[in-house]
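A structural walkthrough
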Amino acid sequence: MGTAKTFILLAMLTALFMGIGYLIGGGTGMLIAFGVAAAMNVFAWWNSDKIVLRMQGAQEVPLDTANPMLRAFRQDVARLAERAGLPEPKVYIIDTPQPNAFATGRDPNNAAVAATTGLLSMLTREEVAGVMAHELAHVEHRDTLTMTVTATLAGAIGMLANFAMFFGPRDSEGRPNPILGLAIMILAPLAAGLVQMAISRSREYVADARGGEICGNPLWLASALEKIERGARAQINPYAERSPAMAHMYISNPLNGRGPDNFFSTHPSTANRVEALRRLAGEMGVTASRAPDMAPRRTAGPWG
């Protein structure tokens, strides 16, 4: 996504933030909200990746890790980055059984990719390569800046909306207006969700296609997406459930549908994504068993 679109999105979220401030505290509240939003925009621009990684419980995988699976994971990410012509990103792991992954960072030189332990244990090495290639495509297209800043501000809007319920707007005579406070608490997060949906779902299709090119076989990613969707329904990601504003960052929706936070779908249909990847594989003339030089030849079984 281009820089212009990023700033438009930030402006929309900032305006929503200021609007809530006005409803809570009038002109003074709007000015305070503007100051907070401006500071948050600058802070999120430079630090949102760290915030997201911390909120999702991500731990960096060290270069000298003794874990053979994590060592192989790091090596594969490095090979994929080289194939994509990108700097090697930092690599993180999230301790949750739900299979999923995301990328973050303001630009390719400050990027990070994160995978869950469930992803590494449930998927084959080739499928994981397909997932990481998808995330590197987001890095290449600079989607990660938009996703991380959006997640940070949308979460802040949700907190401000909850604040409005307890210290909410007042009527013309200065008396508390709990009905308007309740309306803000409900509608503001929904509006923030709509802004998040303005980040076109087409970016996922583009990242899928580019990811298939980077790893050399779109069918690896197609197979991974099907397993991830099944796993996401069966397993809870506690970090994502606590921070639903971050859900759009993952390769597949990490919210398992047990709560109201799944009201908006932030991802295209997995079936449609898989179909597009299979068409791409046909155009590339590859099969599930064909592997490019960068990847391990194994197509099944646990990591070694």
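Residues numbered from 1 in each chain as written. Predicted model: local features only at pLDDT ≥ 70, side-chain atom pairs only at ≥ 80, totals over all residues. Heavy atoms only, no water.

**Side note on the side chain of Asp143**
- Looking at the secondary structure, you find Asp143 in helix 5 (residues 143-166).
- Nearest to the buried, unbridged Asp143 among oppositely charged side chains is Arg203, at 5.1 Å.
- A distance of 2.9 Å separates a polar atom in the side chain of Asp143 from a polar atom in the side chain of His138. (Helix = DSSP H or I, 4+ residues; strand = E, 2+ residues; numbered from the N terminus. Buried < 20%, exposed > 50% of the residue type's maximum accessible area, 1.4 Å probe, protein only. Lys, Arg positive; Asp, Glu negative; His and termini not counted. Salt bridge = Lys/Arg side-chain N within 4 Å of Asp/Glu carboxyl O. Polar contact = N/O pair within 3.5 Å; in protein donor to acceptor, adjacent residues only side chain to side chain.)

**A word on the pattern of salt bridges**
- Applying the stated criterion to the full structure yields 13 salt bridges.
- In this structure, Lys227 and Glu127 form a salt bridge, with 3.0 Å as the shortest nitrogen-oxygen distance. With Lys227 in helix 8 (residues 218-234) and Glu127 in helix 4 (residues 125-141), the pair connects residues that are 100 residues apart, well separated along the chain.
- We note a salt bridge from Glu226 to Arg278, for which the minimum N-O separation is 3.3 Å. In this pair, Glu226 is assigned in helix 8 and Arg278 in helix 10 (residues 270-284), connecting sequence segments 52 residues apart.
- Owing to a relative accessible area of 28%, Glu226 belongs among the partly exposed residues under this scheme.
- Through salt bridges with shared partners, a single ionic network connects Arg203, Glu204, Asp208 and Arg273.

**Thoughts on the pairing of strand 4 (residues 112-116)**
- Burial runs high along strand 4: five of the five residues are buried.
- The alternating pattern of strand 4 places Ala112, Ala114 and Thr116 on one face and Val113 and Ala115 on the opposite face, and all of these are buried.
- Sheet topology note: the strand 2 (residues 90-94)/strand 4 ladder contains five bridges and is parallel. Within the sheet, the bridge partner assigned to Tyr92 lies in strand 4 and is Ala114. (Pairing = 2+ DSSP bridges.)

**Remarks on the pairing of strand 3 (residues 101-104)**
- On strand 3, burial covers both faces: Ala101 and Ala103 on one face and Phe102 and Thr104 on the other are all buried.
- As paired strands, strand 3 and strand 4 are joined by four bridges and run antiparallel to one another. Its bridge partner being in strand 4, Thr104 is matched across the sheet by Ala112.

**A look at the sheet that holds strand 2**
- Spatial ordering of the open sheet is given by 1-2-4-3, a layout of four strands whose pairing is mixed. Both outer strands of the open sheet, strand 1 (58-60) and strand 3, are each paired with one neighbouring strand and no more. Each strand axis lies, on average, 30 degrees off the axis of its neighbour in the sheet, ignoring direction.
- Against the sheet, helix 2 (residues 68-84) contacts strand 2 and strand 4, and its axis sits at roughly 140 degrees relative to strand 2.
- Against the sheet, helix 4 engages strand 3 and strand 4, with an angle of about 25 degrees to strand 3. (Axes fitted to C-alpha atoms, helices over the stretch in contact; angles between N-to-C directions. Contact = heavy atoms within 4.5 Å.)

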